[in-house]
Amino acid sequence: MSGRAEFKPESVRVTEQIRNEIIDGVRAPGSKLVERDLAEELGVSRLPVREALQALVGEGLVTPRPRSWAIVREFTASDIADLIEVRAALEVLTFKLAAQRRSRAALEELHQALQEELEAAQAGEAVAARRAGVRFHEIVTRMAGNDLLLEVQGSLSARMRWLLSQHHDLEGIAREHVGLYDALARRDASVMESLVVQHLETSRINAAEATGQRLA
């Protein structure tokens, strides 16, 4: 029963692997994604690769090219600014709702993600720290308990995961998450809103430094 429940179609597994490699920086912006080469590399047929690339185009991480290849999307300064504006519009609301509707179980899950981020950051494990930081934000979104907000965030999930991974200051971001967690746990709305605004500015600066873009 459990094995059946965990089964994922091959195209889904291929999509997840390529998505993670793009977000983690394993596949650099502008690098080619050729169906035949990917199929050979991943040990699968070309069909799941084709379906994966189509899915990633829809998620905004891949740019299609004629015939059977694509490239990893190169986010421009304008693209990044747009993502940051949308994130800013949603983030304060998300944290406010999460604070109002938090449960003990959700706080424990959030604290676990935070601890994993801190430990990975202190150990210099960049991928693990960034993934835990992304998970921190995803848990807060679920804690908000708003289905429409979850739907909107879900449609932007891959691009937001990419944006949240564009930083090198692992411990600095983790410390900001500690402050956000503490304010959320206390339901301290005024402090939390101030910290969210500060966190968004840190994210903006880090994204500019990580991508070499000059953002307005």
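Everything discussed here concerns the structure shown above.
Predicted model only: the values in this text are computed from it and were never measured.

Student: I tried to follow the side chain of T15 on my own but got confused; where do I start?
Tutor: Counting through the fold element by element, T15 comes out in helix α2 (residues 10–23). Given the relative accessible area of 7%, T15 is considered buried. Leave out the neighbours within four places in its chain, and T15 touches A52, A55, L56 and E59.

Student: Looking at this structure, I do not really get helix α11 (residues 189–211). What am I missing?
Tutor: Residues spaced three or four apart along an α-helix point in a common direction, a consequence of the helix completing one turn every 3.6 residues. The end-to-end C-alpha separation of α11 is 32 Å, in line with the 33 Å expected for 23 residues at 1.5 Å each. For α11, the full list of buried residues reads M192, V196, H199, L200, T202, S203, N206, A207 and A208. Directly after α11, the chain includes G212, whose backbone phi takes a positive value near 70°.

Student: Even after reading the chapter, I still don't get empty space enclosed by the protein, so can you show me in this structure?
Tutor: Leftover empty space is mapped by rolling, across the atoms, a probe with the size of a water molecule. Scanning the entire structure with this criterion turns up 1 cavity of 30 Å³ or more. Space inside the largest cavity adds up to approximately 120 Å³. What lines the largest cavity is a set of 16 residues, and nearest its centre among them are L164, H167, I173, H177 and H199. For the lining of the largest cavity, the leading source of residues is helix α7 (residues 126–143), giving 5 residues. Residues belonging to the lining of the largest cavity are distributed by class as follows: 5 nonpolar, 8 polar and 3 charged.

Student: Mind showing me how you'd approach the packing of aromatic side chains here?
Tutor: For any two aromatic rings, the description comes down to two numbers: the centre-to-centre distance and the angle of the planes. One pass over the structure, following the stated rule, counts 1 aromatic pair. Relative to W162, the ring of F75 lies with its centre 4.1 Å away and its plane at 20°, an arrangement referred to as stacked. Placement of the pair is F75 in the loop between β3 (69–72) and α5 (77–101) and W162 in helix α9 (residues 157–164), with a sequence separation of 87 residues. The residues F75 and W162 share a single accessibility class, namely buried. Sitting above the plane of the W69 ring, K32 keeps its charged end 4.8 Å from the centroid.

Student: What is the right way to read the nonpolar core from this model?
Tutor: One broad trend across soluble globular proteins is that nonpolar side chains are buried collectively. Counting residues in each nonpolar core, the largest one holds 27 residues, and the members touching the most others are V14, I18, V49, L61, I80, W162 and L163. Setting aside anything within four residues of it in sequence, one finds I18 in contact with R27, L38, L42, A52 and L56. Within the second largest apolar cluster, 26 residues are counted, among which are A98, L114, L180 and Y181.

Student: I'm lost on the environment of A113 in this one. Help?
Tutor: The residue A113 is located in helix α6 (residues 104–122) in this model. Since its relative accessible area comes to 2%, A113 is described here as buried. C-alpha separation for the pair A113 and R175, spaced 62 residues apart in sequence, amounts to 13 Å. Not counting residues within four places of it along the chain, the set of residues in contact with A113 comprises A132, R135, F136 and I139.

The rules behind each value
- Residues numbered from 1 in each chain as written.
- Predicted model: local features only at pLDDT ≥ 70, side-chain atom pairs only at ≥ 80, totals over all residues.
- Heavy atoms only, no water.
- Helix = DSSP H or I, 4+ residues; strand = E, 2+ residues; numbered from the N terminus.
- Buried < 20%, exposed > 50% of the residue type's maximum accessible area, 1.4 Å probe, protein only.
- Contact = heavy atoms within 4.5 Å.
- Expected span 1.5 Å × (residues − 1).
- 1 Å grid on protein atoms, 1.4 Å probe; cavity = no way out; pocket = protein on both sides within 12 Å on 5 of 7 lines; lining within 4 Å.
- Points joined across faces, edges and corners; volume = space filled by probe spheres on them.
- Nonpolar A, V, L, I, M, F, W, Y, C, P; charged D, E, K, R; others polar.
- Phe/Tyr/Trp six-rings, centres within 6.5 Å; stacked < 30°, edge-to-face > 60°.
- Lys NZ or Arg CZ within 6 Å of the ring centre and 35° of its normal.
- Core = buried A, V, L, I, M, F, W, Y, C linked by side-chain atoms within 4.5 Å.

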